[in-house]
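Overview (structure and organization)
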Amino acid sequence: MAKALIIGAGGVANVVVHKCCQHPDVFEEICIASRTQSKCEAIRASVKDPRTKITTASVDADVADEVVALIRRFQPQIVINVALPYQDLSIMDACLATGVHYLDTANYEPPEVPHFEYSWQWAYRERFRKAGLTAVLGSGFDPGVTGVFSAYALKHQFDRIDSLDILDANAGDHGYPFATNFNPEINIREITAKGSYFDGGKWIGTEPLAVRKTYDFPQIGPKDIYLLHHEELESLAQNLPGIQRIRFWMTFSEKYLTHLRVLENVGMTSIVPIEIQGQMIAPLHFLKAVLPDPASLGPRTKGKTNIGCIYQGVKDGKPKTYYLYNVCDHQACYAEVGSQAISYTTGVPAMIGAMMVLKGPWRKPGVFNVEEFDPDPFMEQLNLCGLPWVEDFSPVLVD
Ligand code: NDP
């Protein structure tokens, strides 16, 4: 039995807390911490009959010393970082200073530059290895389950994977003309960035949202999908031996993209601060403040998500295709934990990853992406913890 410190008190943290409390045999005690302790208290109060002891704290995780002090007070075995990508390095520093395992769901991004990559966190490998501590990077759904699916496909279905298409569909409708399903700032920074994919050992760049196709998703139907750069492409290109092509696709409705284009055209997605009535404010921060809080979308969102991976490769000398995916229902998630499916599909794998470290199968010294661990115990827990997976051995391919 162990203690976990959960940093962040947004939609994803809410799911992590509820899911930890469903496993009191692993999570004996948890502490929820963010800058605003009242948000942590609200999550604590929303858990009915918790069998895990829950406390809350205030911490500014941009300041490693504050996290160190909290860890020393609470004495957890692992920190589950579900704050924002900006805090990854300061929390990793605090884990090293106190001898505690680390897990997150998004890779580091400097606040002043809309650019994410793993190099900053991979630079901690030697320090975690020497300290005998485990750092698990990107244990959400994508990144996260998509990496576990890939390790599973390679272990059980293929001798060699040649190509991978990651497909992320959200057919949920929240009834607002425009809102983002997770942190608007992180979401808009990701979508308005240039796209890229891996092909023949090289990275090919594309203009933002320039490549569009249509895909007929199981249990959802046909949707427009757009090619994006996404963080797991970087680690999977290294960790799937011989892979030739990896692409990431996400669905967006025409309505969503029209709003985004207008906001971009009028300068509202810029992260460069401008002076307004004596105050320096980044337009994107202002936009975040006027958009609906993603956590408030839960009760309104109806429909399903479908996130999965289509593999093409070779098994026993013959070509093979294989599709692994999960379908998640927004309202079923809300009924269970009080969050919509985007938060649910991120929070459940974060809890499972922490469980894997605490129970032992994923405990090894160093900094790792999820596809570098044994996928089997994680895949088993996905089926038990609300994210069952479906296999299709003759899927329609993305042309
Ligand atoms: P929210 O914006 O809802 O929540 C973020 C939380 O972080 C807030 O509660 C905020 O609370 C806290 N926070 C922000 N800055 C600090 C700080 N300096 N110190 C302490 N706490 C801080 O985001 P989500 O819950 O939607 O997302 C959480 C994470 O999950 C993000 O990193 C996101 O990128 C990632 N994600 C990953 C996905 C995946 O599949 N891998 C998919 C979706 C999201 P306060 O203001 O009180 O500090």
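Before reading on, note that the structure itself is shown above.
Described below are features of the structure shown in this document. (Residues numbered from 1 in each chain as written. Predicted model: local features only at pLDDT ≥ 70, side-chain atom pairs only at ≥ 80, totals over all residues. Heavy atoms only, no water.)

**Topic: the overall build of the protein**
Filter applied, for reference: What counts as a helix is a DSSP run of H or I of at least four residues, what counts as a strand is a run of E of at least two, and both are numbered from the N terminus. Each radius of gyration is computed over the set of C-alpha atoms, and the globule rule expresses the reference value as 2.2 Å times the number of residues to the power 0.38. Exposure categories follow from relative accessible area, calculated using a 1.4 Å probe and restricted to protein chains: below 20% of the type maximum is buried, above 50% is exposed, and the middle band is partly exposed.
Within the protein one finds 14 helices and 18 strands. The C-alpha atoms of the protein give 20 Å as radius of gyration, which agrees with the globular expectation for 399 residues (21 Å, within 12%). Overall, the C-alpha framework of the protein stretches about 55 × 55 × 40 Å when taken along its three principal axes. Relative to its full complement of 399 residues, the protein shows a buried share of 56%.

**Examining the sheet that holds strand β6 (residues 134-137)**
Defined as follows: By definition, two strands form a pair when at least two bridges between them are found by DSSP. Note on method: axes are straight lines fitted to C-alpha atoms, helices fitted across the in-contact stretch only, with angles between N-to-C directions ranging 0 to 180 degrees. In this analysis, two residues are considered to be in contact whenever any of their non-hydrogen atoms come within 4.5 Å of each other.
Strand order across the open sheet formed by seven strands is β3-β2-β1-β4-β5-β6-β17, with parallel pairing between neighbours. In this open sheet, the two strands that pair with only one neighbour each are β3 (53-58) and β17 (366-369). Each neighbouring strand pair of the sheet contributes to a mean axis angle of 20°, computed without reference to strand direction. Across four bridges, strand β4 (residues 78-81) lies against strand β5 (residues 101-104) in parallel orientation. Within the sheet, the bridge partner assigned to V79 lies in β5 and is Y102. Where helix α1 (residues 11-21) meets the sheet, it contacts β1 (2-7), β2 (27-34), β3 and β4, and its direction lies at approximately 165° from that of β2.

**Some words on the environment of M355**
Following the sequence through the fold, M355 ends up in helix α13 (residues 341-359). Using a relative accessible area of 1% as the deciding quantity, one classes M355 as buried. With 172 residues separating them in the primary sequence, M355 and N183 have C-alpha atoms 25 Å apart. Those residues in contact with M355 that lie beyond four places of it in its chain are H23, V26, F27 and Q381.

**Quick notes on helix α11 (residues 283-290)**
Our working rule: Summarising the geometry, the arc corresponds to the directions from the helix axis toward the C-beta atoms.
Taken together, the buried positions of α11 are occupied by P283, L284 and L287. Buried residues in α11, looked at end-on, bunch into an arc of 95°, giving them a common side. In this fold, the buried residues of α11 make contact with α8 (184-191), α10 (254-265), β13 (274-276) and β14 (279-281).

**What about the pairing of β17?**
Here β17 shows a buried face lined by G366 and F368 and a second buried face lined by V367 and N369. Relative to β17, β6 is paired through four bridges, and the arrangement is parallel. Across the sheet, the residue bridging to A135 is V367, located in β17.

**Thoughts on the site of the ligand**
To keep things clear, this is the line we draw: What makes a residue near a molecule or strand is one non-hydrogen atom of that residue sitting within 4 Å of it. We call two N or O atoms a polar contact when they sit within 3.5 Å, provided that within protein one can donate a hydrogen and the other can accept it, with sequence-adjacent residues counted only if both atoms are side-chain atoms. Only the protein chains shown count as cover for residues, and all accessible areas are computed by the Shrake-Rupley method using a 1.4 Å probe. Under the scheme applied, nonpolar residues are Ala, Val, Leu, Ile, Met, Phe, Trp, Tyr, Cys and Pro; charged residues are Asp, Glu, Lys and Arg; polar residues are all the others, including Gly.
Around the ligand lies a shell of 28 residues, among which S34, R35, T36, A61 and N183 are the nearest. Between an oxygen atom of the ligand and a main-chain N or O atom of V12, the distance comes to 3.0 Å. With respect to the ligand, the side chain of R35 contributes an N or O atom lying 2.8 Å from an oxygen atom. Starting from 920 Å² of accessible surface for the ligand in isolation, the protein chains cover 93%. Looking at the shell around the ligand residue by residue, the classes come out as 13 nonpolar, ten polar and five charged.

**Quick notes on the side chain of N187**
Among the structural elements, N187 can be located in helix α8. Taking relative accessible area as the criterion, N187 reaches 6% and is therefore assigned buried.

**Digging into the packing of aromatic side chains**
Put simply, the rule is: Working definition: rings of Phe, Tyr and Trp (its six-membered ring) pair if their centres are within 6.5 Å, and the pair is stacked with planes under 30 degrees apart, edge-to-face with planes over 60 apart, and tilted otherwise. We call a charge positioned over a ring when the NZ of a Lys or the CZ of an Arg lies within 6 Å of the ring centre and within 35 degrees of the ring normal.
A full pass over the atoms with the stated rule returns 18 aromatic pairs. Plain terms: the ring middles of W362 and F378 are 5.0 Å apart, the flat faces sit at 15° to each other, and that makes the pair stacked. Within this pair, whereas W362 is found in the loop between α13 and β17, its partner F378 is found in helix α14 (residues 376-384), the two being separated by 16 residues in sequence. In this structure, W362 and F378 share a single accessibility class: buried. An aromatic cluster of at least three residues, connected via ring pairs, comprises F158, Y311, Y322 and F393. One Lys or Arg, K3, reaches over the ring of F74 and ends 5.1 Å from the middle of that ring.

**Thoughts on helix α7 (residues 145-156)**
Condition: Multiplying 1.5 Å by the residue count of a helix minus one yields the expected span of that helix.
Relative to the 16 Å expected for twelve residues at 1.5 Å per residue, α7 spans 16 Å between its end C-alpha atoms, a close match to the ideal helical length. Burial runs high along α7: nine of the twelve residues are buried. Taken together, the buried positions of α7 are V145, T146, G147, V148, F149, S150, A151, Y152 and A153.

**Section: the pattern of salt bridges**
Any two side chains of opposite charge can pair, on the condition that their charged atoms come close. We apply this condition: The salt bridge definition used is simple: a Lys or Arg side-chain nitrogen within 4 Å of an Asp or Glu carboxyl oxygen.
Across all of its chains, the model carries 16 salt bridges by this definition. In this structure, D399 and K213 form a salt bridge, with 3.1 Å as the shortest nitrogen-oxygen distance. Here K213 lies in strand β10 (residues 212-217) and D399 lies in the segment after β18 (390-392), a separation of 186 residues in the sequence. Sharing partners across several salt bridges, the network here consists of E109, E185 and R189.

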